[in-house]
Amino acid sequence: MIRTLSHIATIAGFQWLGAALAQHFSIPLPGVILGMLLFLIFLMLAGEKRSAPVRNTGKQLIKLLPLWFIPAGAGIVAYSHVLAEYGWQLVFVLLVATFIPFVTALWIAGGRRDPET
Amino acid sequence: MTPLEAILATLLCFLAAHGLYRVSGHQPWLQPVITGILFMVIVLLATDTNYWSYFDSAQAIHTLLGTATVALAIPLYECRHLIRQHIGPIFRTLLATGILAIVTAIVLAQWLGLPDNLAITLAPKSVTTPFAIALTESFGGIPPLSAALVIVTGMIVALAGPGIARLAGISNPLPLGLAMGMTGHGIATARAFELSSEAGAFSALAMGLMGIYTSLLLPWILPLFGLH
């Protein structure tokens, strides 16, 4: 339990560092994303073996993402008027703007028709 | 709403969502990401609680969303060998798909006359939800709406993606995984893992790279369209 807490404190430390650096140097990147990049560098420096315990705890945090999403996600109730007003436009944009990049990615990464099929 | 009530209600909604998912035999449309939020919405409406009063009291849980987002470096770190092996196709695909996913969303939104804050909210729809929430927060979009749009995008890719790939005659896990992860983030990645563990690993990697790439692109692309 104490070990787990020290791992969470490590990850939260990078979260704080990312936010502090982004604000202090006005970096146009959300603090958590900068924090993630710093944490990635930390993992690479620490190496496979030494980073194993903190990675195990971090994976538990990731598994619980559906829990962490609830406060932000439930905010949809405060914006139901937006959905009522622009619902079909939003669905249209999502469908078309998802289909085009998906097919492009398949095409670029696939290159040719797969000979095995 | 007191912090205790907010945290208790959130935990119960999560546990109920998780339980339902297990009892249903892991039905994709009953994913806890969706049902957990849905249950919380029902609780707020049923108890006539103001959303912002709940959100203020649930700050502790919302803060841990950021911590879990930082932890997303872990899966990225663990599939670094895939980057080394397939660096060419991965970065070619990322370069084009990342720009296209953002630009098509903004162009269509503006063409349909959607207000700026909705265009900004739509721009990062293909990245994983915590990234999208962080990005819409910092660029002036609507974070909770972003969560909903991102989840729907992921479901579109998870449901239609494998069929489109089959029609295109592509079964190789590299293009399939990259396309699913770059456009449909975690929800499509879960689906890709069901198809094959290789496609799933590529999808997980693609989702992480797409999140970073989109975060770096948005501050440059949004001003080009008069946003932000």
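Residues numbered from 1 in each chain as written. Chains lettered and ligands numbered in written order. Predicted model: local features only at pLDDT ≥ 70, side-chain atom pairs only at ≥ 80, totals over all residues. Heavy atoms only, no water.

K.L.:
Teacher, can you tell me more about the overall build of chain A here?
P.N.:
Counting secondary structure elements, chain A contains five helices and zero strands. Its C-alpha atoms give chain A a radius of gyration of 20 Å, more than 25% over the compact-globule value 13 Å for 117 residues. Taking the principal axes of the C-alpha coordinates as reference, chain A spans close to 50 × 50 × 35 Å. Within chain A, the proportion of its 117 residues that are buried is 48%. A fraction of 37% describes how many contacts in chain A between residues 6 or more apart in sequence connect residues 24 or more apart. If you average the places of the 8 positive and of the 4 negative side-chain charges in chain A, the two averages end up 17 Å apart. (Helix = DSSP H or I, 4+ residues; strand = E, 2+ residues; numbered from the N terminus. Rg over C-alpha atoms; globule rule 2.2 N^0.38 Å. Buried < 20%, exposed > 50% of the residue type's maximum accessible area, 1.4 Å probe, protein only. Contact = heavy atoms within 4.5 Å. Lys, Arg positive; Asp, Glu negative; His and termini not counted. Charge placed at Lys NZ, Arg CZ, Asp CG, Glu CD.)

K.L.:
Would you mind showing me how to read the domain arrangement of chain B here?
P.N.:
Frequently, the measure chosen for interface size is the accessible area that the parts lose on association. Each domain of chain B was delimited in the assignment, giving domain 1 (3-61) and domain 2 (74-224). For domain 1 of chain B and domain 2 of chain B, the distance between their C-alpha centroids amounts to 25 Å. (Domains from an automatic or database assignment.)

K.L.:
Would you mind showing me how to read the pattern of salt bridges here?
P.N.:
Counted by the stated rule, this structure contains five salt bridges over all chains. The salt bridge involving E78(B) is made with K59(A); its shortest N-O contact spans 3.2 Å. Remark: K59(A) occurs in helix α3 (residues 52-63) and E78(B) occurs in helix α5 (residues 73-78); the pair is interchain, linking two chains. One salt-bridge network, held together by shared partners, links E48(A), R55(A), K59(A), E78(B) and R80(B). (Salt bridge = Lys/Arg side-chain N within 4 Å of Asp/Glu carboxyl O.)

K.L.:
I would appreciate a short explanation of the packing of helix α7 (residues 87-111) of chain B against helix α12 (residues 197-224) of chain B in the present structure.
P.N.:
To characterise two packed helices, one gives the angle between the axes of the helices and the distance between these axes. All names here are of chain B. Running from amino to carboxyl end, α7 crosses α12 at an angle of 50 degrees, the nearest separation of the two axes being 9 Å. It follows that α7 is oblique to α12 by the angle criterion. Handedness of the α7/α12 crossing: right-handed. Along its contact with α7, which presents I90, L94, L95, T97, G98, I99, A101, I102, V103 and I106, the element α12 presents L205, L209, M210, Y213, T214, L217, L218, I221 and L222. Each residue belonging to the contact of α7 with α12 can be placed in one class, and the counts come to 16 nonpolar, three polar and no charged. (Axes fitted to C-alpha atoms, helices over the stretch in contact; angles between N-to-C directions. Parallel < 35°, antiparallel > 145°, perpendicular 65-115°, else oblique. Left-handed = near helix turned anticlockwise from the far one by under 90°. Nonpolar A, V, L, I, M, F, W, Y, C, P; charged D, E, K, R; others polar.)

K.L.:
Where do I start with the nonpolar core in this structure?
P.N.:
Inside soluble globular proteins, nonpolar side chains tend to come together where they are buried. By size, the foremost hydrophobic cluster in this structure holds 101 residues, and its most contacted members are F39(A), Y54(B) and L122(B). Here the element with the most residues in this core is α12(B); it accounts for 11 residues. When residues no more than four places from it in sequence are discounted, the contact partners of F39(A) are I11(A), F14(A), V54(A), V70(B), A71(B), A73(B) and I74(B). Core analysis: the next-biggest nonpolar cluster, separate from the first, contains 12 residues, F102(A), I170(B), M180(B) and A192(B) among them. (Core = buried A, V, L, I, M, F, W, Y, C linked by side-chain atoms within 4.5 Å.)

K.L.:
I'm lost on the interface of chain B and chain A in this one. Help?
P.N.:
Opposite the 91 residues of chain B that make contact, chain A presents 69 residues. Summing both partners gives a buried area of about 6,900 Å² for chain B against chain A, and 84% of it is carried by carbon and sulfur. Of all residues in chain B, V70(B), I74(B) and Y77(B) bury the most surface against chain A, accounting for 10% of the area lost on that side. Between chain B and chain A we count three salt bridges in total. Where E48(A) meets R80(B), a salt bridge forms, and the shortest distance between an N and an O atom there is 2.8 Å. The element contributing the most residues to the side of chain B that touches chain A is helix α10 (residues 143-167) of chain B, with 13 residues. (Buried area = accessible area lost by both parts, 1.4 Å probe.)

K.L.:
Even after reading the chapter, I still don't get the side chain of T93(B), so can you show me in this structure?
P.N.:
Within the fold, T93(B) resides in helix α7. Sequence-distant contacts of T93(B), defined by excluding residues within four places in its chain, comprise A105(A), I108(A), A109(A), L178(B) and M182(B).

K.L.:
How do you make sense of helix α9 (residues 129-139) of chain B when you look at a structure like this?
P.N.:
For an α-helix, the turn length of 3.6 residues means that residues three or four places apart are oriented alike. All names here are of chain B. Counting buried positions along α9 yields nine of 11 residues, so the element is predominantly enclosed. Of all the positions in α9, only T129, P130, F131, A132, I133, A134, L135, T136 and F139 are classed as buried. Positive phi appears at G140, one or two residues downstream of α9, with a value of about 90 degrees.

K.L.:
Where do I start with unusual backbone geometry in this structure?
P.N.:
Note: most peptide bonds trans; most residues except glycine with negative phi. One non-glycine residue with positive phi stands out, namely S26(A), at about 45 degrees. In this structure, S26(A) sits in the loop between α1 (2-24) and α2 (31-50). Residues other than glycine seldom take positive phi values, yet D48(B) does so here, at roughly 55 degrees. Tracing the chain through its elements places D48(B) in the loop between α2 (32-46) and α3 (51-57).

K.L.:
How do you make sense of the domain arrangement of chain A when you look at a structure like this?
P.N.:
Splitting chain A by domain gives domain 1 (1-63) and domain 2 (74-117). Computed from C-alpha atoms alone, the centre-to-centre distance between domain 1 of chain A and domain 2 of chain A is 30 Å.

K.L.:
Explain the confidence of the model for chain A to me, please; I cannot follow it from the model alone.
P.N.:
Note: predicted coordinates in regions of low pLDDT should not be interpreted at a detailed level. All names here are of chain A. Averaged over every residue, the pLDDT of chain A is 89; the share at 70 or more is 94%. Mean pLDDT in chain A bottoms out at helix α4 (residues 65-73), which sits at 87, and peaks at α1, which reaches 95. pLDDT under 50 marks residues 113-117. Its contacts with residues more than four places away, or in other chains, come to nine contacts. (pLDDT = per-residue confidence, 0-100.)

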